[in-house]
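Working through the structure, step by step
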Amino acid sequence: MLAAQSTPDKEFEQLIVAFCCNWCSYAGADLAGTARRSYPANIKIIRVPCSCRVNPTFILRAFLRGADGVIIAGCHPGDCHYTSGNYFARRRMTLLMSMLSFLGVDKARLRVEWVSAAEGNKFAEVMTSFAETIKALGENVKLRDLRCKK
Amino acid sequence: MQKIGVFVCWCGSNIAATVDVARVAESVKSIPGVAFAADYRYMCSEGGQELMQKAIKDYGLSRVVVCSCSPRMHEATFRKAAQAAGLNPYLVEIANIREHCSWVHKDKEVATAKAIALAKAAIAKVKLNTPLVSGESAVVKRALVIGGGIAGLQTALDIAEAGYKVDIVEKTPSIGGKMSQLDKTFPTLDCSACILTPKMVEAATHENITIYTYSEIEKVSGYVGQFEAVIRKKARSVSVDRCSGCGICSEKCPSKKAKSEFDQGLRNRSAIYIPFAQAIPNVPVIDRENCLKFQTGKCGICAKVCPAGAIEYEQEDELVTQKYGAIVLATGFEPIDMAKFGEFNYEYCPDVITSLEFERLTNAAGPTQGHLVRLSDGKKPKSIVFVSCVGSRDTTERGKTYCSKICCMYNAKHAMLVKEKYPDIDVQVFYIDVRTPGKSFDEFYRRAVEEYGVQYTKGMVGKITEEGDHLLVHASDVASGAQLSVPADMVVLATAIKPAADARKLATMLTASIDTNDFFTEAHPKLRPVESPTAGIFLSGVCQGPKDIPETVAQAGAAAVKVLGLLSKDKLLTNPCVATCNEQTCSGCLACEKVCPYGAISAEYKLVNVKGLKERRLIAQVNEALCQGCGACTVACPSGAMDLKGFSNKQIMAEVDAIC
């Protein structure tokens, strides 16, 4: 079990999964790219049609598999391509955060952000700040399935 | 076993400079199921597509992954190429290694490692892709144009001329928009009304155009080809059919305290009014808030004097429901509110006016019959100062960061018009930059300086104060470094323009994207400038970004062409990535039905095969024509019976597993 944890002085390799809705935040990430707005490379984006497509089990799975942070990015409230999807996402993630706290996991490891298709800069800023938060929180040890590969 | 082909694009140096593409191709070869992997200079080129098609045939590929730019860019291209080689187009996945990788990371090692991770995720997903077939939906051969200014009129006329029905919905009592308020237009100095009113008449008399003035969009539902809009026709209190437009009612109306919207509040109007002489329809409307009949119950003069008996006090708002294949947004702009710009003394000083007010002041049909006078004392000014960039290119919170684009040109126009009519008036313009790109624009500006002697001073105006009967304009002169205090009898502020106030409400109603300034977002800033990212919604005029009249007309025509392309189709292919219910595991709880924003889920009793036994059960049913594929139901489903094609639980989970 000790072997699975990194030594405290060695900087750990963060792993962050970002679920981005196709219409706003994924496009915002594209715009960040077009505008060459850099953010940490340990953030990997998974495209979903809407933030409401993100099942809490996907997030728990990511944590079990060793992700240190998960971020859900969708359209701004009121601007959802599907009218109300981001509201569902917001409520579900609020519940999931309480559950994470209950499990003894800092709920800051899960973040919900609204990034529009026109906000490339914001996308990069949000991702950079989330990576910093995760860095400060350190490695996800609590939720990681220690039998998993890493 | 799947046979997966992986194609890694260099995108010239766009990807290859930061990602070791050969290493990406090499490293995925060992993944079970990958039968072919290669890198190529430009996958979207004909050569790249041929490479893919040849590999599909030669290696019998059953799945394809392209590691390239964003799927929002070329997913359709690669799906089409795969389809041409006999593969179902939905068996193709894209790994976005350009926008999400090579363009945002500088270190080649780091970027290559990320590109490999993204490729692996796409491979994991594509293994679980299933062939999908698009359905078909019909196209209603009618278009809706929201906004009856020059943009909306031009779009509607172009669509109508091609033979399709168009409805224009305009919120004010007349079509014409901002252009009808202008006096002259740059750079030709055409009279604005003279070139606009023929278009207004043409639209009003066109057999294919129906105009709803004094009307607003109440609700929009549906999707591309099949929108349904509810239009609220506000009560005009005057019968459009019976009214002859004689105007006796306005003349006799005793309530004359309301500010004329058309004349920017520089003149009062009666409670029953026609906004301007050339208004279409030429039928008055009763402004109920200012009408004595409606406020006190005692009056009714207009009904008594009307020779046609057209006054209808009892009229109520009417709701009209209509189906449309396409919707065009042409909601235009308005000047920003000057309340936050106290230093210009606009609110307290009648001789500090905005440019739109100046337009009305110089217009022969305006409140002063075109005589340029000070609003404070009615005297002719001896000197006028024009201030540009009031609220434009302003990075503080009260202003707009963008350039309003039209102000430099109308400043030159106003200065020139003043000098033309009254050569004795001194005219000075304060500016940050003079921006005059456009056909004959710079020549126009130079004419103002060289021919008419307008004095241009580079420098910002910090404050305007009153000094006796004139104004003092405190400004800096960048050339000399001096602080100036210029006396002026009148100051004209070139206020920034912003999208119409209801743009955000419409964006929400239509699920059309909007940017932080409330301008509607285009599907692609360069290649799809008149389409909204939401299918079937098109953009015309300033609602998309600041534009002058020629640009607005050009864009309005472009939007019309896009609408015609859509309306000329009889059938549209629908998105096959819709929800699907597993009847075996569905418990009929219908949690899915409650969260569906489209009402696409219904309950039905069905005979279901459960462990060899037929059982009659309540099952959730997805209407594929209504489902838009958001996936809200998949998460709400407690039994996991509801899934989304193209983004299934298994597929997304596989991506998570591949990344983590």
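Residues numbered from 1 in each chain as written. Chains lettered and ligands numbered in written order. Predicted model: local features only at pLDDT ≥ 70, side-chain atom pairs only at ≥ 80, totals over all residues. Heavy atoms only, no water.

A separate point is the sheet that holds strand E7 (residues 165–169) of chain B. All names here are of chain B. Spatial ordering of the open sheet is given by E10-E7-E6-E18-E29, a layout of 5 strands whose pairing is parallel. Each of the sheet's edge strands pairs with one partner strand only, and the pair in question is strand E10 (209–212) and strand E29 (537–539). Shown here is a sheet whose adjacent strand axes are inclined to one another by a mean of 20 degrees, direction ignored. In this sheet, E10 lies alongside E7 in parallel orientation, the contact comprising 4 bridges. Bridging across to E10, Ile168 finds its partner in Ile211. Sheet strands in contact with helix H16 (residues 549–567) are strand E6 (142–146), strand E18 (326–329) and E29, and its direction is about 160 degrees off that of E29. (Pairing = 2+ DSSP bridges. Helix = DSSP H or I, 4+ residues; strand = E, 2+ residues; numbered from the N terminus. Axes fitted to C-alpha atoms, helices over the stretch in contact; angles between N-to-C directions. Contact = heavy atoms within 4.5 Å.)

Okay, the domain arrangement of chain B next. Residue and element names in this part refer to chain B. The domains assigned to chain B are domain 1 (4–126), domain 2 (142–234 + 317–332 + 500–567), domain 3 (248–305), domain 4 (335–498) and domain 5 (579–644). Here the C-alpha centre of domain 4 lies 32 Å away from the C-alpha centre of domain 3. Residue-level contacts link 5 residues of domain 3 with 7 residues of domain 4. It is Asp263, Gln264 and Leu266 in domain 3 that bury the most area against domain 4; as a group they hold 80% of the surface buried on that side. At the junction of domain 3 and domain 4, the tally comes to 1 salt bridge. Measuring nitrogen to oxygen at the nearest pair gives 2.7 Å for the salt bridge that ties Asp263 to Arg360. Tallied by class, residues from the side of domain 3 that touches domain 4 come to 2 nonpolar, 1 polar and 2 charged. (Domains from an automatic or database assignment. Buried area = accessible area lost by both parts, 1.4 Å probe. Salt bridge = Lys/Arg side-chain N within 4 Å of Asp/Glu carboxyl O. Nonpolar A, V, L, I, M, F, W, Y, C, P; charged D, E, K, R; others polar.)

The next subject is a nonpolar patch on the surface. A cluster of nonpolar residues, Met99(A), Phe102(A) and Leu103(A), forms a patch on the protein surface that exposes about 320 Å² of accessible area. For Leu103(A), a relative accessible area of 33% corresponds to the partly exposed category. (Patch = residues over 30% accessible without salt bridge, like charges linked within 9 Å, V, L, I, M, F, W, Y side chains within 5 Å. Areas by Shrake-Rupley, 256 points an atom, 1.4 Å probe, with all protein chains shown as cover. Buried < 20%, exposed > 50% of the residue type's maximum accessible area, 1.4 Å probe, protein only.)

For any two helices packed against each other, one specifies the inter-axial angle together with the distance between the axes. At a minimum axis distance of 9 Å, the contact between helix H2 (residues 56–64) of chain A and helix H19 (residues 649–659) of chain B shows a crossing angle of 20 degrees. If you check the angle between H2(A) and H19(B), you find them roughly parallel. Note that H2(A) runs across H19(B); the crossing there is right-handed. Contacts from Thr57(A), Phe58(A), Arg61(A) and Ala62(A) in H2(A) reach Asn649(B), Ile652(B), Met653(B), Val656(B) and Asp657(B) in H19(B). When grouped by side-chain class, the residues that make up the contact of H2(A) with H19(B) number 5 nonpolar, 2 polar and 2 charged. (Parallel < 35°, antiparallel > 145°, perpendicular 65-115°, else oblique. Left-handed = near helix turned anticlockwise from the far one by under 90°.)

Our next topic: the interface of chain B and chain A. Bring the parts together and some accessible area is lost; that lost area is often taken as the interface size. Between chain B and chain A, the contact holds 47 residues from the first and 50 residues from the second. Approximately 4200 Å² of surface area, both sides summed, lies buried where chain B meets chain A, with 61% of it carried by carbon and sulfur atoms. One can count 6 salt bridges joining chain B with chain A. Residue Asp30(A) is joined to Arg72(B) by a salt bridge in which the shortest nitrogen-to-oxygen separation is 3.7 Å. Along the contact surface separating chain B from chain A lie 19 residue pairs in polar contact (both at pLDDT 80 or more). Only helix H4 (71–84), helix H5 (98–102), helix H6 (108–126), helix H15 (503–510), helix H18 (632–636), strand E34 (642–644) and H19 of chain B provide two or more residues apiece to the side of chain B that touches chain A. Top contributing element to the side of chain B that touches chain A by residue count: H19(B), with 7 residues. When the residues that make up the side of chain B that touches chain A are grouped by side-chain class, the tally is 22 nonpolar, 15 polar and 10 charged. (Polar contact = N/O pair within 3.5 Å; in protein donor to acceptor, adjacent residues only side chain to side chain.)

Moving on, we come to the pairing of strand E24 (residues 461–467) of chain B. Residue and element names in this part refer to chain B. Alignment of E24 against strand E25 (residues 470–477), held across 6 bridges, turns out to be antiparallel. Pairing of Thr465 across the sheet is with Leu472, part of E25. What sits between the antiparallel neighbours E24 and E25 is a turn of 2 residues, in which Gly468 has the positive phi angle 65 degrees.

A word on the packing of helix H3 (residues 46–59) of chain B against H4(B). All names here are of chain B. Here H3 crosses H4 at 40 degrees, and the two axes come no closer than 9 Å. Accordingly, the angle class assigned to the pair H3 and H4 is oblique. Classified by chirality, the crossing of H4 by H3 is right-handed. Contact residues: H3 offers Gln49, Met52, Gln53 and Ile56, while H4 offers Thr77, Phe78, Ala81, Ala82 and Ala84. Residue classes in the contact of H3 with H4 are distributed as 6 nonpolar, 3 polar and no charged.

In this section: the environment of Gly366(B). Residues and elements named next belong to chain B. Of note, Gly366 is situated in the loop between helix H12 (355–362) and strand E21 (383–390). Distance in space between the C-alpha atoms of Gly366 and Asp502 is 27 Å, their sequence separation being 136 residues. Aside from chain neighbours lying at most four places away, what touches Gly366 is Asp263 and Arg360.

Turning next to the nonpolar core. The nonpolar side chains of a soluble globular protein tend to be buried with one another. In this structure, Phe19(A), Ile59(A), Leu110(A) and Met642(B) are the most contacted members of the largest nonpolar core, which totals 54 residues. With 5 residues, the single largest contributor to this core is helix H3 (residues 85–103) of chain A. Setting aside residues no more than four positions away along its own chain, Phe19(A) makes contact with Ile46(A), Val48(A), Val54(A), Phe58(A), Ile59(A), Val70(A), Ile71(A), Ile72(A), Ala73(A), Ile652(B) and Val656(B). Counting 46 residues, the second-largest nonpolar core is a separate cluster that includes Cys11(B), Ile31(B), Val64(B) and Ala111(B). (Core = buried A, V, L, I, M, F, W, Y, C linked by side-chain atoms within 4.5 Å.)

Residues and elements named next belong to chain B. According to the stated counting rule, one finds 46 salt bridges over all chains in the structure shown. Among the salt bridges present, the one from Asp58 reaches Lys54, with a minimum N-O distance of 2.8 Å. Pair noted here: Asp58 and Lys54 are both in helix H3, with a separation of 4 residues, about one helical turn. Asp424 is the salt-bridge partner of Lys380, the closest N and O atoms lying 3.0 Å from each other. Here Lys380, found in the loop between H12 and E21, pairs with Asp424, found in the loop between helix H13 (407–421) and strand E22 (426–431); they are 44 residues apart in sequence, far enough to count as distant.

Turning our eyes to something else, we now look at the confidence of the model for chain B. Where the model shows low pLDDT, its predicted coordinates should not be examined in detail. Mean pLDDT for chain B: 95, with 100% of residues reaching 70 or above. Interface confidence for the predicted complex, given as ipTM, is 0.93, next to a pTM of 0.87. (pLDDT = per-residue confidence, 0-100.)

We now examine the environment of Asn14(B). Within the secondary structure, Asn14(B) is located in helix H1 (residues 13–16). Linking Asn14(B) and Cys69(B), residues 55 residues apart in sequence, is a C-alpha distance of 9.3 Å. Sequence-distant contacts of Asn14(B), defined by excluding residues within four places in its chain, comprise Arg36(A), Arg98(B), Ser102(B) and Trp103(B). For Asn14(B), the side chain forms a polar contact with the side chain of Trp103(B), separated by 3.5 Å.

What follows is about the packing of aromatic side chains. By the definition in use, this model includes 12 aromatic pairs over all chains. Where Tyr39(A) meets Phe123(A), the ring centres are 5.4 Å apart and the plane angle is 75 degrees; that geometry is what we call edge-to-face. Of this pair, Tyr39(A) sits in the loop between helix H1 (25–34) and strand E2 (43–48) while Phe123(A) sits in helix H4 (residues 120–137); the two residues are 84 residues apart in sequence, bridging distant segments of the chain. For the pair Tyr39(A) and Phe123(A), a shared accessibility class is recorded, and that class is buried. Considering the side-chain rings of Tyr445(B) and Tyr456(B), the 5.0 Å spacing of their centres and the 75 degrees angle between planes classify their relative orientation as edge-to-face. Here Tyr445(B), found in helix H14 (residues 441–450), pairs with Tyr456(B), found in strand E23 (residues 455–458); they are 11 residues apart in sequence, far enough to count as distant. An aromatic cluster of at least three residues, connected via ring pairs, comprises Phe7(B), Phe36(B) and Tyr59(B). Positioned above the aromatic ring of Phe333(B) is the side chain of Lys178(B), whose terminal nitrogen or guanidinium carbon lies 5.7 Å from the ring centre. Here the basic side chain of Lys234(B) rests over the ring of Tyr214(B), its NZ or CZ set 4.6 Å away from the ring centre. (Phe/Tyr/Trp six-rings, centres within 6.5 Å; stacked < 30°, edge-to-face > 60°. Lys NZ or Arg CZ within 6 Å of the ring centre and 35° of its normal.)

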